[in-house]
Amino acid sequence: MPDAERTEALAAELGDAVLAHDHALGKARIDVRPETVADVLEALRASGFRHLMSVHGLDYYPDEPRLGVQYELLDREALDRITIRLRVPTDAPHVPSVTPAWPTADHQEREIFDLLGVVFDGHPDLRRILMPDDYVGHPQRRDVPIGGEPVLFTFNSEPGITGARR
């Protein structure tokens, strides 16, 4: 993990894009403005973090801004990882897509869109990936009722089919 000095230097390089930075328990984190994420990741790529390992969606319910996106970058030469975080409100959950520059983000951004409702502007194929196209809502948001929706088994409800009861 980057040490505190390298984290401080990276945050200084990124300038006004940085909202906060932290180095705790051997983990470097930089919080950035949502509109700057693509530029931030490119600057970190130039600093050696050439591998986008994962993209995660988070829900900070009931806090606002509520929805978060977290990018995990890896510098394989220095064996360093860094986390880039951002947050957006539910009434305007828009983040620039990093998929054009980081193809590995493609399905991960689609999953976050599908399950949490974060819209990745500029994504080449932003559509549901896990839920049916006609599904209403975003099931991993923390305000979705626990228990889900009832499952209706109607395909074998006729008498005479093995296991069917009236």
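Fair warning: this is a prediction, and the values are worked out from it, not measured in the lab. (Residues numbered from 1 in each chain as written. Predicted model: local features only at pLDDT ≥ 70, side-chain atom pairs only at ≥ 80, totals over all residues. Heavy atoms only, no water.)

> Give me the lowdown on the pattern of salt bridges, citing residues and values where you can.
For the structure on display, the rule yields eleven salt bridges. The shortest N-O distance in the salt bridge between glutamate 72 and lysine 27 comes to 3.1 Å. Highlighted residues: glutamate 72 in strand β4 (residues 67–75) and lysine 27 in strand β2 (residues 27–32), separated in sequence by 45 residues. The buried category is assigned to glutamate 72, whose relative accessible area is 9%. Overall, lysine 27 belongs to the partly exposed group, its relative accessible area being 23%. Aspartate 125 serves as the salt-bridge partner of arginine 110, at 3.8 Å between the closest nitrogen and oxygen. Here arginine 110, found in helix α3 (residues 106–116), pairs with aspartate 125, found in the segment after β7 (119–121); they are 15 residues apart in sequence, far enough to count as distant. With a relative accessible area of 7%, arginine 110 lands in the buried category. We classify aspartate 125 as partly exposed; its relative accessible area is 31%. Because the salt bridges share partners, they merge into one network encompassing Arg6, Asp75 and Asp80. (Salt bridge = Lys/Arg side-chain N within 4 Å of Asp/Glu carboxyl O. Helix = DSSP H or I, 4+ residues; strand = E, 2+ residues; numbered from the N terminus. Buried < 20%, exposed > 50% of the residue type's maximum accessible area, 1.4 Å probe, protein only.)

> Requested: an account of the packing of aromatic side chains, with residues and values cited.
This structure, assessed with the given rule, holds zero aromatic pairs. Its guanidinium or amino end placed over the ring of tryptophan 102, arginine 45 lies 3.7 Å from that ring's centre, counting from NZ or CZ. The ring centre of tyrosine 60 lies 3.8 Å from the NZ or CZ of arginine 87, which sits over that ring. (Phe/Tyr/Trp six-rings, centres within 6.5 Å; stacked < 30°, edge-to-face > 60°. Lys NZ or Arg CZ within 6 Å of the ring centre and 35° of its normal.)

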